[in-house]
Amino acid sequence: MVLNKIEHLLEKYENGETTLQEEQQLQTYFSQDKIEPHLEVYRPLFAYFKANQNETFNKDIALKTNKKPIYAWLSVAAIAVLMLGFYFKSTQNLSQTHDDLGTIQDPQLAYEEVVRSLELISKSLNKGASTMGYLESYNKGMATVGYINELEHSSNIIFTTKK
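## Overview of the overall build of the protein
Helix and strand counts for the protein stand at six helices and zero strands. Ordering the α and β elements of the protein from the N terminus gives α-α-α-α-α-α. Split into buried and exposed, the 163 residues of the protein put 8% on the buried side. Partitioning the contacts of the protein with sequence separation of at least 6, the portion at a separation of at least 24 is 33%. In the form shown here, the protein has an accessible surface area of approximately 15,000 Å², with 61% of it arising from carbon and sulfur atoms.

Here's what the structure looks like:
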């Protein structure tokens, strides 16, 4: 009867379902001299628990203080400076946009600015068009390859009909 109870308690212990009183019963059983042979494997486990039950830790533990590094406050200050800078810059731009819309009042000056802008665009487009000249030589080369393919095709027809 006691053996069945111990085996049942061991099964509960392995499943993690025992109470502290049941674990105490197991410890007292395994601290005896007379144990069933098939339960001998559990003796070192419970002997270890009993031996370590009285162990204490006597060393002092050094606790770290909660000193906040100065970098945390520097980052907060940097964010505040950036926000103030953006705020003052945006209010300055708002006051300028009401007065100056970026238009040129003098028609001659406006014409010269447009001509200068269009010349800049034209130069960029001409650079791109000058590099397209290589494509013409590529097309000529491909046409020559086409002629070679026709010649090869013709020679294949001639040589295959003689067989």
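## Things to note about a nonpolar patch on the surface
Among the surface-exposed residues, Val-114, Leu-118, Ile-121 and Leu-125 lie close enough to one another that they form a single nonpolar patch of about 400 Å² accessible area. You can see Val-114 is positioned in helix α5 (residues 107–131). Since its relative accessible area comes to 48%, Val-114 is described here as partly exposed.

## Focus on the nonpolar core
The biggest cluster of nonpolar side chains holds nine residues, and these are Ile-6, Leu-9, Leu-10, Leu-26, Tyr-29, Phe-30, Ile-35, Leu-39 and Phe-46. Where this core is concerned, the elements lending two or more residues are α1 (2–15) and α2 (20–30). With near-sequence residues (within four places) excluded, Ile-35 lies in contact with Tyr-29, Phe-30, Glu-40 and Arg-43.

## What to know about the pattern of salt bridges
All chains considered together, the criterion is met by three salt bridges. Residue Glu-22 pairs with Lys-12 through a salt bridge whose shortest N-O separation is 2.8 Å. In this pair, Glu-22 is assigned in helix α2 and Lys-12 in helix α1, connecting sequence segments ten residues apart. Each member of the pair, Glu-22 together with Lys-12, is buried. A salt bridge links Glu-113 to Arg-116; the shortest N-O distance between them is 2.9 Å. You can see Glu-113 and its partner Arg-116 sitting in helix α5, three residues apart, about one turn around the helix. The exposure class assigned to Glu-113 is partly exposed, which follows from its relative accessible area of 31%.

## A short note on α1
For α1, spanning 14 residues, the distance from its first C-alpha to its last is 20 Å, which sits close to the expected 20 Å at 1.5 Å a residue. Against α2 and α3 (43–52) lie the buried residues of α1. Phi for Gly-16, located one or two positions after α1, is positive at around 75 degrees.

Cut-offs and rules
Residues numbered from 1 in each chain as written. Predicted model: local features only at pLDDT ≥ 70, side-chain atom pairs only at ≥ 80, totals over all residues. Heavy atoms only, no water. Helix = DSSP H or I, 4+ residues; strand = E, 2+ residues; numbered from the N terminus. Buried < 20%, exposed > 50% of the residue type's maximum accessible area, 1.4 Å probe, protein only. Contact = heavy atoms within 4.5 Å. Areas by Shrake-Rupley, 256 points an atom, 1.4 Å probe, with all protein chains shown as cover. Patch = residues over 30% accessible without salt bridge, like charges linked within 9 Å, V, L, I, M, F, W, Y side chains within 5 Å. Salt bridge = Lys/Arg side-chain N within 4 Å of Asp/Glu carboxyl O. Core = buried A, V, L, I, M, F, W, Y, C linked by side-chain atoms within 4.5 Å. Expected span 1.5 Å × (residues − 1).

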